[in-house]
Amino acid sequence: MEIYLDNAATTQCYFEVAELVLKVMCEDYANPSSVHLKGMEAERYVKDGKAKLAHRLKVEPKEIIFTSGGTESDNLAILGGAFANQRRGKHLITTVIEHSGILKAMQHLEEVGFQVTYLPVDQDGIVDLQALQEALRLDTILVSIMHVNNEIGTIQPLEQIGTIIKDYNKQILFHSDGVQGFGKVPIYPKRVSLDLYSVSAHKFHGPKGIGFLYKNEKAKILPISYGGGQQGGFRAGTDNVPGIAGLVLAGEKMYQNMEVNKAHVWALKQGFIAGLQKIEDVRFHGDCVDPDKSVGHIISVGFKGVRSEVLLHALEEKKIFVSAGSACSSYSKKTSSVLAALSLPEGYQESTIRFSLSEFTTKEEIDVTLETLYNVIPMLRKFIAR
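Only a predicted model underlies this, so the values are computations on that prediction, with no experimental measurement involved.

Student: Explain the overall build of the chain to me, please; I cannot follow it from the model alone.
Tutor: Scanning the chain for helices and strands turns up 11 helices and 12 strands. Here the C-alpha atoms of the chain give a radius of gyration of 21 Å, agreeing with the 21 Å that 2.2 N^0.38 yields for 386 residues. Overall, the C-alpha framework of the chain stretches about 70 × 55 × 35 Å when taken along its three principal axes. When each of the 386 residues of the chain is scored for burial, the buried share is 57%.

Student: Honestly, helix 2 (residues 37-57) in this entry has me stumped. Any pointers?
Tutor: Side chains of residues three or four places apart in an α-helix project in the same direction, reflecting 3.6 residues per turn. Helix length check: helix 2, at 21 residues, gives a terminal C-alpha distance of 30 Å against a target of 30 Å (1.5 Å per residue), a fit within 8%. Residues of helix 2 that are buried sit in contact with helix 1 (15-26), strand 2 (64-67), strand 8 (211-215) and helix 7 (241-256). Looking one or two residues past helix 2, Lys58 carries a phi angle of roughly 60°, positive in sign.

Student: I keep staring at the sheet that holds strand 10 (residues 298-303) and nothing clicks. Help me out?
Tutor: Across a sheet, strands are paired by hydrogen bonds formed along the backbone, either parallel or antiparallel in direction. In spatial order, the strands read 9-10-12; together these 3 strands make up an open sheet with antiparallel pairing. Edge positions in the sheet fall to strand 9 (282-285) and strand 12 (352-356), since each of these pairs with one other strand and no more. The mean inter-strand angle of the sheet, taken between neighbouring strand axes irrespective of direction, is 30°. Across the sheet, helix 9 (residues 308-317) is in contact with strand 10 and strand 12; its angle to strand 12 comes to roughly 45°.

Student: Quick question: what am I supposed to make of the domain arrangement of the chain here?
Tutor: Buried accessible area, meaning the area lost when the parts come together, often serves as the stated size of an interface. Each assigned domain of the chain is listed with its residue range as follows: domain 1 (3-11 + 257-379) and domain 2 (15-256). Measuring from the centre of the C-alpha atoms in domain 1 to the corresponding centre in domain 2 gives 27 Å. Regarding the contact of domain 1 and domain 2, the summed buried area is about 2,700 Å², with carbon and sulfur atoms giving 52% of it. Looking at the side of domain 1 facing domain 2, the largest losses of area belong to Thr11, Met258 and Val338, adding up to 22% of the total buried there. Counting across the domain 1 and domain 2 interface gives 0 salt bridges. Summed over the shared surface of domain 1 and domain 2, the number is 17 residue pairs in polar contact (both at pLDDT 80 or more). Where the side of domain 1 that touches domain 2 is concerned, the elements lending two or more residues are helix 8 (258-276), strand 10 and helix 10 (337-341). Broken down by class, the residue content of the side of domain 1 that touches domain 2 amounts to 12 nonpolar, 14 polar and 7 charged.

Student: What am I meant to see in the nonpolar core here?
Tutor: One broad rule of soluble globular proteins: the nonpolar side chains tend to lie buried together. Core analysis: the largest hydrophobic core is formed by 49 residues, its most contacted members being Phe182, Phe212 and Leu247. Residue contributions to this core peak at 8 residues, all from helix 7. Aside from chain neighbours lying at most four places away, what touches Phe182 is Leu53, Leu57, Tyr197, Val199, Phe204, Phe212, Gly251 and Tyr255. In this structure, Ile3, Phe272, Leu276 and Ile320 belong to the second largest nonpolar core, which totals 30 residues.

Student: Before we go on, may I ask you to explain the environment of Pro242 in this structure?
Tutor: For Pro242, the location among the structural elements is in helix 7. Excluding residues within four positions of it along the chain, Pro242 makes contact with Val21, Val24 and Met25.

Student: Where do I start with the packing of helix 2 against helix 7 in this structure?
Tutor: Any two packed helices are characterised by the angle at which their axes cross and by the distance between the axes. Across the interface, helix 2 lies against helix 7 with an axial gap of 9 Å and an inter-helix angle of 30°. It follows from the interaxial angle that helix 2 and helix 7 lie roughly parallel. The handedness of the crossing between helix 2 and helix 7 comes out as left-handed. Along the contact surface, helix 2 presents Ala42, Tyr45, Val46, Gly49, Lys52, Leu53, Arg56 and Leu57, while helix 7 presents Val241, Ile244, Ala245, Leu247, Val248, Glu252, Tyr255 and Gln256. Per-class residue counts for the contact of helix 2 with helix 7 are 11 nonpolar, 2 polar and 3 charged.

Scoring rules and cut-offs
- Residues numbered from 1 in each chain as written.
- Predicted model: local features only at pLDDT ≥ 70, side-chain atom pairs only at ≥ 80, totals over all residues.
- Heavy atoms only, no water.
- Helix = DSSP H or I, 4+ residues; strand = E, 2+ residues; numbered from the N terminus.
- Rg over C-alpha atoms; globule rule 2.2 N^0.38 Å.
- Buried < 20%, exposed > 50% of the residue type's maximum accessible area, 1.4 Å probe, protein only.
- Expected span 1.5 Å × (residues − 1).
- Contact = heavy atoms within 4.5 Å.
- Pairing = 2+ DSSP bridges.
- Axes fitted to C-alpha atoms, helices over the stretch in contact; angles between N-to-C directions.
- Domains from an automatic or database assignment.
- Buried area = accessible area lost by both parts, 1.4 Å probe.
- Salt bridge = Lys/Arg side-chain N within 4 Å of Asp/Glu carboxyl O.
- Polar contact = N/O pair within 3.5 Å; in protein donor to acceptor, adjacent residues only side chain to side chain.
- Nonpolar A, V, L, I, M, F, W, Y, C, P; charged D, E, K, R; others polar.
- Core = buried A, V, L, I, M, F, W, Y, C linked by side-chain atoms within 4.5 Å.
- Parallel < 35°, antiparallel > 145°, perpendicular 65-115°, else oblique.
- Left-handed = near helix turned anticlockwise from the far one by under 90°.

Now the structure itself:
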């Protein structure tokens, strides 16, 4: 029995999505920029896709820009927003728990003359709203605060954040990395004053290599790639029509079943937490009891006395696949900036495992994982204590 509990890294593609992607690749394969009938058939996937996504987000189709995924969407928002508005100022604000797609972009901007304020968070990973208020300046041009944290599952209060930003200065761009939120948490960008919102399909059972950026039509950004002028000039290059078709279908399925899926993973999360509490010296990171502050599909747990990688590989031997943190951060081998920001007690930062669920996760899989942990944790602690 194989148990996959690393859905925050990537998800299993819906079978219907894979079928559609194959159909578009093999049958409706024309370039959507071509003016002949075959090209127009391909272009229909792009136009219809924008219309469907816009309907779900309550925005306009022209405000959807297809990209290669979350990182490109984040970079287009951050770099494009900063360079387009630098005459008004060079001050940016973000948090210490952002995804590397945000943090690395911010670091690059610092290298070329911008100033960045990194906001702290509380013990549950919620951004300090007072610190945000105090950080806003006359030369602030952009604020980026993620929707759902990819390591601990915290949901940020975007509506309150948006109000604070726009009450100070309506010209400040408000961006959110929505990669872990889209399709799992209701979001209407205009209602929470968002100007920019990043999404990636492979986090909600769509194909890899495709995503989109919502950009309010009034928001001023510059492109970060140049070429044929596709998508209003904001993202050059031939549109990934198979990926777009797959993203849109996956998104439709997620929205149609959102409440059912939310209830399913939340019930599994609560059962999993209850079972984990039977193990001594465990700590849960982020709010685990309030569904308005934390998503159901991410559980971050520290097992004191057991290093993350050791436990990860011990579970892997039992065909249980989990993560020691963000999949993207594994390339750098650095300690998690998210866990560092939570001021965890000694012994938990290097012993944390992220379990992430999906609609395909079953209670049986959770029960098997718990039984495995009941056997593995004492054994590893005993071994390490020698």
